[in-house]
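As a plain string of letters, each chain reads:
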Amino acid sequence: MPPPVIAAVIPCYKVAAHVVELVGRIGPEVGLIVAVDDACPQGSGRLLQEQCHDPRLQVVFHEANRGVGGAVMTGYRHAIAAGADVIVKLDGDGQMDPALLPSFVAPVLAGEADYTKGNRFYDLRYISRMPRLRLFGNAVLSFMAKFSTGYWDIFDPTNGYTAISRRAAAMLPQDRISERYFFESDMLFRLGTFRAVVRDVPMDAEYGDEVSNLRIGGVLPEFLFKHTGNFLKRIFYNYFLRDVSVASLELLCGLALLLFGVVYGGWHWWQSLSTGQTAATGVIMLAAMPVLIGLQLLLAFLAYDIASVPRHALGRLRR
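Computed from a predicted structure; not experimentally measured.

**Describing the state of the cysteines**
Thought 1: Tallied over the full model, the rule gives 0 disulfides.
Thought 2: This cysteine, Cys40, is not joined by any disulfide, and Cys12 carries the nearest cysteine sulfur, 7.2 Å off.
Thought 3: Look at Cys40 and you get buried, because its relative accessible area is 8%.

**Details of the sheet that holds strand E4 (residues 86–89)**
Thought 1: Here 7 strands make up an open sheet; going across it, the order is E3-E2-E1-E4-E6-E5-E7 and the pairing mixed. Every other strand in the sheet has two partners, leaving strand E3 (57–61) and strand E7 (198–202) as the edge strands with one partner each. Between one strand axis and the next, the sheet turns by 20 degrees as a mean value, whatever way the strands run.
Thought 2: Taken together, the 5 bridges between strand E5 (residues 115–119) and E7 define a ladder with parallel strand orientation. By the bridge assignment, Asn119 is partnered in E7 with Pro202.
Thought 3: Packed on one face of the sheet, helix H2 (residues 44–51) meets strand E1 (6–12), strand E2 (32–37) and E3 and runs near 155 degrees to E3.

**Some details on the confidence of the model for the protein chain**
Thought 1: Scored by pLDDT, the protein chain comes out at a mean of 90, with 91% of its residues at no less than 70.
Thought 2: Confidence, expressed as mean pLDDT per element, reaches its minimum in the protein chain at helix H5 (residues 124–129) with 66 and its maximum at E4 with 98.

**What to know about the side chain of Asp156**
Thought 1: Relative to the elements of secondary structure, Asp156 occurs in the loop between helix H6 (132–149) and strand E6 (162–165).
Thought 2: Given a relative accessible area of 0%, Asp156 falls into the buried group.
Thought 3: Among the polar contacts listed, one links the side chain of Asp156 to the side chain of Asn159, at a separation of 2.9 Å.
Thought 4: With near-sequence residues (within four places) excluded, Asp156 lies in contact with Lys117, Gly118, Asn119, Arg120, Phe121, Asn138 and Ser142.

Parameters at a glance
- Residues numbered from 1 in each chain as written.
- Predicted model: local features only at pLDDT ≥ 70, side-chain atom pairs only at ≥ 80, totals over all residues.
- Heavy atoms only, no water.
- Disulfide = S-S within 2.5 Å.
- Buried < 20%, exposed > 50% of the residue type's maximum accessible area, 1.4 Å probe, protein only.
- Pairing = 2+ DSSP bridges.
- Helix = DSSP H or I, 4+ residues; strand = E, 2+ residues; numbered from the N terminus.
- Axes fitted to C-alpha atoms, helices over the stretch in contact; angles between N-to-C directions.
- Contact = heavy atoms within 4.5 Å.
- pLDDT = per-residue confidence, 0-100.
- Polar contact = N/O pair within 3.5 Å; in protein donor to acceptor, adjacent residues only side chain to side chain.

Written out as C-alpha cells, the structure reads:
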C-alpha cells in the first residue's frame, strides 16, 4: 500500500516577505504544496514561481480577492483532485512552524481525528509571548465558539494551523463557508454538523515583523452576530431537526419557565413600585420557582450538550 499523500495549502495575501522562506522550510513528509495567490497586491504567487523551484509546488491564482476562506477552499479542491489524503493549512506569514506539521497530521492518519488545529494556550510560556490584545481577543472568541460549534473541549478557534482528512474536506459545503476572518470558526461549525472529531494540537506561534490583517476590536461585533446565528442553527439541527431527546425537552421547558418567571415577576415588581404595595409571598414564589427550575433545566441541557462532543472519527484513511 502506498504511503498517504500529505498536502500543504498556503493562502497568500501580502506575504511576499515570508512565503518563499516558508515553502523552503516544509519537510519531505509533504508531497504537494498548493499556494493560492488571493489577488495578492505584492505578487506573492509570481514571486514563488520565480524564486522557488520546489517540484512539489503548485501556484493557483485568484483574479479577485476571496479572503482566507476562499483561498483555502480553492487549495482544498486542488489537493483533493491531486489525490491528497491529509491537507494541512499553513499561513504564508511565517507564524506557523512547518516542523510541527507531523503532530497535526498524526491523529488524522491514525483515524483518531478528522480535523486538527493549533492551540497556543496549552503552555504558559507560549501565552506570555502572545500580544495582550490578541490574548484577550482569542479568549473572548474561544468562549463564543464553544457555544456556536458544540466543540466544548477545544480552544483558540481562530488558529489557522490546521489539518483535515480528505473525507472531511470533501464533505464540507465549500460554497457556504465564510470566506473572510470568520473562516476558521465557521469551519468548526460546519464540521460539527456531520459530527467530525476535532483535536487541539499544542503549539507556539512565531511573532516577528509580520503584520496581521485581523483587528480584534473590528471583528468582535461581526463574530458575535455570526456565532449567534451558528449557535441557533446548531441547536435546531441537532436537537429538533435530526433528533429529539431529553435535552430537547429540557431546553424548551427551561426557556419557557425562565421566560414566564422573568415576565411574571417583572410585571408584579413594576406593579409594586407603582403602587407602593409589597407583593404577596405567593406572587414572589410563583415568580421565583419557575426561574430557578428553568435555570436548572438549562444547566442540565448544557451538561448534555458538553457531553455530546463527537468522539468517533468519520473513518480511517482509505487508499
